[in-house]
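Examining the three-dimensional arrangement
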Amino acid sequence: MTSDDTKKAKDGTFSSPPCLTQEINPTYVDPEKAPDVARWRNAKREELRAARKTLSVDEHASISAQLAGQLESVLQSKFEGARGLILSMYWPIKGEPDLRPLMIKLHNAGVIIALPLVETKAAPLVFRLWTPETKMVRGDWNIPVPPADAEQLTPDISLAPLVGWDNKGYRLGYGGGYFDRTLAALARSPFKIGVGYTSAKLATIYPQPHDIAMDLIVTEDEILTITPSS
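Note that Ser158 resides in strand E7 (residues 157–161). In terms of polar contacts, Ser158 uses its side chain to reach the side chain of Ser88, at 2.7 Å.

The strand order across the open sheet built from eight strands is E6-E3-E2-E1-E7-E10-E11-E12, with neighbouring strands paired in mixed fashion. Strands with a single pairing partner mark the edges of an open sheet, and in this sheet they are strand E6 (152–153) and strand E12 (223–225).

Another aspect to go through is the packing of aromatic side chains. Two aromatic rings are characterised by how far apart their centres lie and by the angle between their planes. As enumerated under the stated definition, the model contains two aromatic pairs in all. Considering the side-chain rings of Trp40 and Tyr206, the 4.8 Å spacing of their centres and the 90° angle between planes classify their relative orientation as edge-to-face. Separated by 166 residues along the polypeptide, Trp40 in helix H3 (residues 34–52) and Tyr206 in the loop between strand E10 (191–195) and strand E11 (216–218) bring together distant segments of the chain. Its relative accessible area of 1% is what places Tyr206 among the buried residues. Ring geometry for Phe79 and Phe191: centres 5.4 Å apart, planes at 75°, overall edge-to-face. Taken as a pair, Phe79 in helix H4 (residues 57–79) and Phe191 in strand E10 lie far apart in primary sequence, 112 residues in all. Accessibility expressed as a relative area gives 22% for Phe191, which makes it partly exposed.

What counts and what doesn't
Residues numbered from 1 in each chain as written. Predicted model: local features only at pLDDT ≥ 70, side-chain atom pairs only at ≥ 80, totals over all residues. Heavy atoms only, no water. Helix = DSSP H or I, 4+ residues; strand = E, 2+ residues; numbered from the N terminus. Polar contact = N/O pair within 3.5 Å; in protein donor to acceptor, adjacent residues only side chain to side chain. Pairing = 2+ DSSP bridges. Phe/Tyr/Trp six-rings, centres within 6.5 Å; stacked < 30°, edge-to-face > 60°. Buried < 20%, exposed > 50% of the residue type's maximum accessible area, 1.4 Å probe, protein only.

What follows is the structure, encoded as structure tokens:
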């Protein structure tokens, strides 16, 4: 770091790109550095996705089971089990925690399960009813999804898989912006739960104006409640 950079650091202003500001001040975000933030995020996505691919089958199953237990605890404590409520979940891809056994268990307990679909590119997601009897079809990214004639729903509670996350509740997703776009478009915002690996925690994701924070982050090791002042 140069003497000028040292002075700027002491003054609380920085001219370094995000990849360097992480070393200086992990909460610093400069709106003028948006292209640098995008490059940093893309690199971090690749790094985190590569890391989770190293999990063994047993490790992945164990973490998924732990996460399912954490989520059950949250639903019980905050929503009395969520019976009769609409909970949007997800079909796991690319090494995400596998919560499909929990989907079945919650359905049998009276929770209404919905799955997100990309039905129009660069538009908000659509949520459609899922049950264990649903005959899935291939959707965007070749992900199994409910068919187009499945009932469209608006979630009361929404799970969002995390590629990365930070203590402010901001999530690093796959970069398409679908989840944030969907939340912004909903007339009534659901209770938002980010679901991911403890190892995917970041000092910051360098949140931008379009990023929407979760209400709760759940990993295999912790349940983190997000408050505006946290």
